[in-house]
Each structure stands twice: as structure tokens, then as C-alpha cells.
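Each chain, written out:
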Protein chains: 2
Amino acid sequence: MELDLSLSAAELTARLVDIESVSGNERALADAIAAAISGLPHLTVHRDGNVIVARTTLGRAERVVLAGHIDTVPVAGNLPSHLDGDLLYGCGSCDMKSGVAVQLRLAGQVTAAARDVTYVFYDCEEVEAERNGLLRLSRSRPELLAADFAVLMEPTAATIEGGCQGTLRAEVSTRGERAHSARSWLGSNAIHSAGGILDVLRAYQARQPVVDGLSYHEGLNAVGISGGVAGNVIPDECVVSVNFRFAPDRSSQQAADHVRETFAGFDVRITDSASGARPGLSRPAAASFVAAMGGEPRAKLGWTDVARFDALGIPAVNYGPGDPTLAHRRDEHVPLAQIAECEARMLAWLAA
Amino acid sequence: MELDLSLSAAELTARLVDIESVSGNERALADAIAAAISGLPHLTVHRDGNVIVARTTLGRAERVVLAGHIDTVPVAGNLPSHLDGDLLYGCGSCDMKSGVAVQLRLAGQVTAAARDVTYVFYDCEEVEAERNGLLRLSRSRPELLAADFAVLMEPTAATIEGGCQGTLRAEVSTRGERAHSARSWLGSNAIHSAGGILDVLRAYQARQPVVDGLSYHEGLNAVGISGGVAGNVIPDECVVSVNFRFAPDRSSQQAADHVRETFAGFDVRITDSASGARPGLSRPAAASFVAAMGGEPRAKLGWTDVARFDALGIPAVNYGPGDPTLAHRRDEHVPLAQIAECEARMLAWLAA
């Protein structure tokens, strides 16, 4: 499985798609990427498991990271890739092997840019956070990620999506007292009491704050509810699982405080939480990126790995080919023209 | 395993308890009961599986049924029986082998009473309704159950409990539209909508009607709730399982109509329903029974097999030794004095 960097980014995408790399099974693809870039004299290549980092060392005043994950969700009868007119279909075509193809094309061509570049290819993005290769690298070799700005080449339909919202999950619960349902007044119904939790959710006014010029949109939602002991028993517990998506002007701690305050009077247990990321579009490297890519940047509402860069103090944006709403779908695909457009704009920006 | 009907009812209870008869395993006990009463010249005995019916045929104007189930819930380390002072412990001692012992004592002694008597011993009361021996008999040989009045000798602490409340279960549900929880406003949250169902339950005013002189107490309760797809998905369905306990002045159909009306605007699916039973204490046979037993009759709030007699047009009450709240407990027991009291009062009534 050889990756020829002289192929077009579109052709390279097809090659990448055809090397199956479901999370946990990235070795063959990581090997192919390492082989393709290891001989390039302008890059210093590091490997850590199936994470590959390649860096220019031109001594420029500014350094940017271009990052992409090389794993995919499980194959769903959508391999190998195939072309239908100007659209390339196949598992990972949109999320995000077309972005990885652009990274590889840039790694091959950009020998002496206006800014130093760090290319990061990482594994296990589509699974639980603890397996994420970028997280592992940020803990074991943070110096390899040092930069002034980062572009995560996730699918955004070639429009800059700035920062990302945070996400927090909590279990909000009520307690009651069991009783036989034929004598329900001897107990206290925890499911009925959970009506109070749903009241709070129904009345909740979600903020839509503007952060660094981009409009975010928060949301507080029940994503699960459970309660009940048996068909003839008044239940003594009801648990509502709540997901709070919060704008990047709140920290995880502030988000947790807000959720506890919102559900004051109920038992609240925060089960997991991931900070968002501010877009940081006013920093010089970001500003030049925005100018070079064109279009109107918008806020990223879903959580992405840009938050990891934010946690390292590095402003980051999402930018790449492919419609993000097609990700994880059996019919995921990417327009060839968008791959070419991303490559051309990124090339122009790095050369400027 | 021989049952000697000349033993006291208390001693007989201990013998019955020591013949294990968890639902489905009643054969040995049914055999012993059949053997004990088959030789009695004043009784005509019928057997259908593990259901045994014994009838006097004196040609009296009135006939009464004395019924008891011979099965128990699973043994919980509480066999064989043992005495502790005046209390007999053991699986089934309270629910309801002490009642069955009284039935057997009466069957042995009452050779020529003022009313004809039908003794019914039946299996599988503690499991799903379709296996219930009394239900089977009411379908296959309803003429064997024909009577003017029935006493179900379930534990009531030797106080008459009249009729019983009906029970109905329904699934009340809401529909929404799935969306990613990062863009919750693109969907519609079915769990939030279920707040409307809980509003109805919290505001519900349960009736406490007096029926045939006894005070019932209805209840409408959630006994289960479930909803949720994944931690990042706005759920499109939420189901609340509701249990309606209704007084015997409503039929099952009226109860279903009431539940549908109460949850107007929501999807309501009735999943099962069992009618209650009016106490019928004003009928002559019942009135003489109330007078003979003494004490103030109260309403039976839980559902019992008296409802099957009601469905056959036979007024019925619950009356027997043992505290009903001890039923199904590992430490279930019965006061010996209550067994003797029940036997004496029943004897007096039948002889009158």
C-alpha cells in the first residue's frame, strides 16, 4: 500500500479510503503515511504508536499545526471507494480522509513556507476520549504540538468553523419512597417528582452568546430518563441524564456550577465534561488564515479536538473538505472540487 | 404425607406448610388434600389438575364458596415451619396455608349446615393470571363455582375485607424528533414533552368513593419511565408506564376511558387491566357473614381473586388468618390464635 504524494489530493483521498482504518486498526494506514513522508528532507518525522508527527524546522517566527485523525467509524458496506460524477464515496471519504489527503499533499509540496508547519496524523478519534491519539501525544510529547495556531482538518464544507462548544453530562435525580401501588399514598413517587426536573428543562432559556465574533448556541437537554421498580411498586428513584452544550466563554467548572445551580434542590452528579475552545480568530496567524480561506467563519457547535489545542493554549479552528452532516453515514461522500479548493487555499496561505 | 383432619387448624397449618408447594409444584399438596377429603361421605369431590373442589349437596336454598390457593411464592430459607411462642413461621404460613387449614377443618366437620358449601383449593395464584387455577376452573367448569356468596380465605388478620379495587396498566408516551444534542433546536425532545404527562400525574386528584358502604381509595401513578437514545442525541420517544388502581364502582372499560381522557393529547396504550369487585355486603348471605365474623369490614385495596367471583356474578369477600403485610416475606408467620378464631367464627356462621 503505497501513497504517492504526486497524485492529486482527490486521487490520494481514494487511496486513503481504500486502506481500511476503523478505530483501533490504524496500523497499516499509519505505516503508509510514515513511509510516504519519511524520505522528505524538509520534514523531521516522529512516530508514537499510530500517531505520526512531521515538522518543518525553518526557524520561522510562527508555527502552525495541521491535524487530522486517520481512523474511521466502522465500515458499513461502503468500501472500497467509488466515484459518482464529481463525488467520491466511501467510509471516511468525508470524515476525514479527504482532509488527511490535503495534509499529505501540503507536506509533500511545502518545503519553505512563511511559517513553520507541524503535520499531525493521529488515531482513535472516533472512540472514547481516553484512547484518542492526540490526547496521548499532548500528555507524552506536548512539545511536538507547540504552535501559534492549529487547523483541525475536519469536514466543514471548506468554511472556517471557529472554536467549539463544550459538553457536560450530569445525572439529575429524585428520591422517593417505595410502596405498593394499591396504597400509593403510603409512598412517595420519585418519577412524579422528576416532573420538577423536566419543568426546569422546559423553561430553560439557552444563551446564544457572541464569543470572539462568532455566534454560539447553548443547549440543555435531557438525553435519557429512567425510573421504576415493578408494575405494582411506587418507584423510589428517577434519574434524568442531562447534556449541557456550552459556549466557550464558560469553563467546564463554570458549566458544572451553572448546571448545579439550574437544578438547585435536586441531586446533581456530573458524570463527564469536556471544555470547549474559543475561536481565537483575532490572533495574527488565525487572522491571516481567515483572510486566505475566504468566506464568513462560523461557530463550531459540536465538540471537536480543537478543544485539546485550546487546552494547550493554542487557538484552533476546524477547516476541511466535506459536509459535516454526512459524517458517519453509510453514504458519506466528498465533492472532489472541495478537496482541490482546500488544498489550493491552504497552499496559498502557507506560502504567503 | 397424610393430612389428619382431626388435628387442630394450627397443627394442620404446620403440616400444610411443610409440604412445599411453590407455584407449579402443587401436585403433592393437591394429592394430600384430595386424599384427606375424598373419603368424607357428605362431600362430592372433583379434581381438575391441581384444583380440587368439594361440595355438600344438602339442597339448601343458599350455597357459599370457601376458596383458597394452595401455592406459595418461592421458598426463602423458611422451610420447614417452626413455632416461636404463639406464632407459626414458614413459607405460606400467612399466605395462605392457615386459611387452607381452616377450609380443611370446616370440610371435615360441617356435615349438615344451614347453607350448602363448596370448598375450592386451587393452584398458581402467585404467578401470571393465565396460569391461575381458579381462572381455569371458571372457564372449564363454571357450574362448580355457582354460589350466592364466596369467601376467599386470603390473610386479612381475621377482618372482613370487602371486594377489591381494579388495576389497569397503560403506556403513555410522547414523540419527538431526533437531532444531535449540539444542535438541539433542530429536533424536538420527547423527554421534555413527557413533563406534560408528569404534570397530569402530579395534579391528579384521586377519588375515595364509598361503594356498598366501604371506603375505597384510587390511585394513578407512574410505575416506570424510559427514554433516551444516546448521550449526544435528542430523544424522539419517552414512555411513562402508568398504573391506575380503581374503585369497584368503575368497570375496566370505564377505567380505560378515564385514563385515556385524563391523558388526552398523549398517546395512550392500555397494556393490561383487571376489574375490581364490589363488596356486595348487603346480600343476605354476605350480611349474615358480616354479623357472624364481627368487627368492622373494610375495603380491600389490592386486587385479589374475589374479582373472579365478581365476574361470575358472585359477591365475595376476603377473610382469613394472618397479617396481609407479612405475605411474601421471608419471616412470614401467623398467630395461632387467629387461626383458631377464624375456624370458630366460620363454623358458627355455617351452622347458624
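Worth saying up front: this structure is predicted, and the values here are computed from it rather than measured.

**Student:** What am I meant to see in the relation of the copies chain A and chain B here?
**Tutor:** Note on the chain copies: they are related by a rotation about an axis and a translation along it. Take chain A, turn it by 180°, move it 0.2 Å along the axis, and it overlays chain B with an RMSD of 0.1 Å. Such values leave the two copies arranged in the relation of a two-fold axis. Of the C-alpha atoms belonging to chain A, the one lying closest to the rotation axis is found on Ser226 of chain A, 2.4 Å away. Interface residue correspondence from chain A to chain B reaches 100%, placing this contact among same-surface, isologous pairings.

**Student:** How do you make sense of the packing of helix H8 (residues 284-293) of chain B against helix H10 (residues 336-351) of chain B when you look at a structure like this?
**Tutor:** In helix packing, the relevant descriptors are the interaxial angle and the interaxial distance, both defined with respect to the helix axes. Residues and elements named next belong to chain B. The geometry of H8 relative to H10 is characterised by a closest axis approach of 9 Å and an angle of 135° between their N-to-C directions. Considered as vectors, H8 and H10 are oriented oblique to each other. The handedness of the crossing between H8 and H10 comes out as right-handed. Residue-level inspection shows Ala285, Ser288, Phe289, Ala292 and Met293 of H8 in contact with H10, the latter providing Arg345, Met346 and Trp349. Partitioned by chemical class, the residues of the contact of H8 with H10 number 6 nonpolar, 1 polar and 1 charged.

**Student:** Help me out: how do you make sense of the interface of chain A and chain B in this one?
**Tutor:** Quite often, the size of an interface is put as the accessible area lost when its parts meet. Across the boundary between the two partners, chain A contributes 42 residues, which contact 42 residues of chain B. Both sides together, the interface formed by chain A and chain B hides about 3000 Å², and carbon and sulfur atoms give 57% of it. Between chain A and chain B we count 2 salt bridges in total. We note a salt bridge from Asp199 of chain B to Arg202 of chain A, for which the minimum N-O separation is 2.9 Å. The tally of links from chain A across to chain B stands at 20 residue pairs in polar contact (both at pLDDT 80 or more). Listed by contribution, the elements that provide at least two residues to the side of chain A that touches chain B are helix H5 (190-193), helix H6 (195-203), strand E13 (219-227), strand E14 (233-234) and strand E15 (237-246) of chain A. No other element matches the 9 residues that E13 of chain A contributes to the side of chain A that touches chain B. Class assignment for the residues of the side of chain A that touches chain B results in 17 nonpolar, 19 polar and 6 charged. The sheet contact formed by E13 of chain A and strand E13 (residues 219-227) of chain B spans 3 bridges and is antiparallel. The residue of E13 of chain B that forms the bridge with Ser226 of chain A is Ser226 of chain B.

**Student:** Honestly, the sheet that holds strand E4 (residues 82-84) of chain A in this entry has me stumped. Any pointers?
**Tutor:** The strands making up a sheet are joined through hydrogen bonds of the backbone, oriented either antiparallel or parallel. All names here are of chain A. Taken in spatial order, the 3 strands make up an open sheet running E4-E5-E19, and their pairing is antiparallel. The open sheet has two edge strands, E4 and strand E19 (333-335), and neither has a second partner. Strand-to-strand twist across the sheet, computed as the mean angle between neighbouring axes with direction ignored, equals 25°. Relative to E19, strand E5 (residues 87-89) runs antiparallel, the two sharing 3 bridges. Bridge pairing in E19 places Leu87 opposite Pro335. Sitting on the sheet, helix H10 (residues 336-351) touches E4, E5 and E19, and the angle it makes with E19 is about 60°.

Here is what the cut-offs are and how they apply
Residues numbered from 1 in each chain as written. Chains lettered and ligands numbered in written order. Predicted model: local features only at pLDDT ≥ 70, side-chain atom pairs only at ≥ 80, totals over all residues. Heavy atoms only, no water. Least-squares fit on C-alpha atoms with pLDDT ≥ 70 in both. Contact = heavy atoms within 4.5 Å. Axes fitted to C-alpha atoms, helices over the stretch in contact; angles between N-to-C directions. Helix = DSSP H or I, 4+ residues; strand = E, 2+ residues; numbered from the N terminus. Parallel < 35°, antiparallel > 145°, perpendicular 65-115°, else oblique. Left-handed = near helix turned anticlockwise from the far one by under 90°. Nonpolar A, V, L, I, M, F, W, Y, C, P; charged D, E, K, R; others polar. Buried area = accessible area lost by both parts, 1.4 Å probe. Salt bridge = Lys/Arg side-chain N within 4 Å of Asp/Glu carboxyl O. Polar contact = N/O pair within 3.5 Å; in protein donor to acceptor, adjacent residues only side chain to side chain. Pairing = 2+ DSSP bridges.

That is the geometry; function is a separate question.
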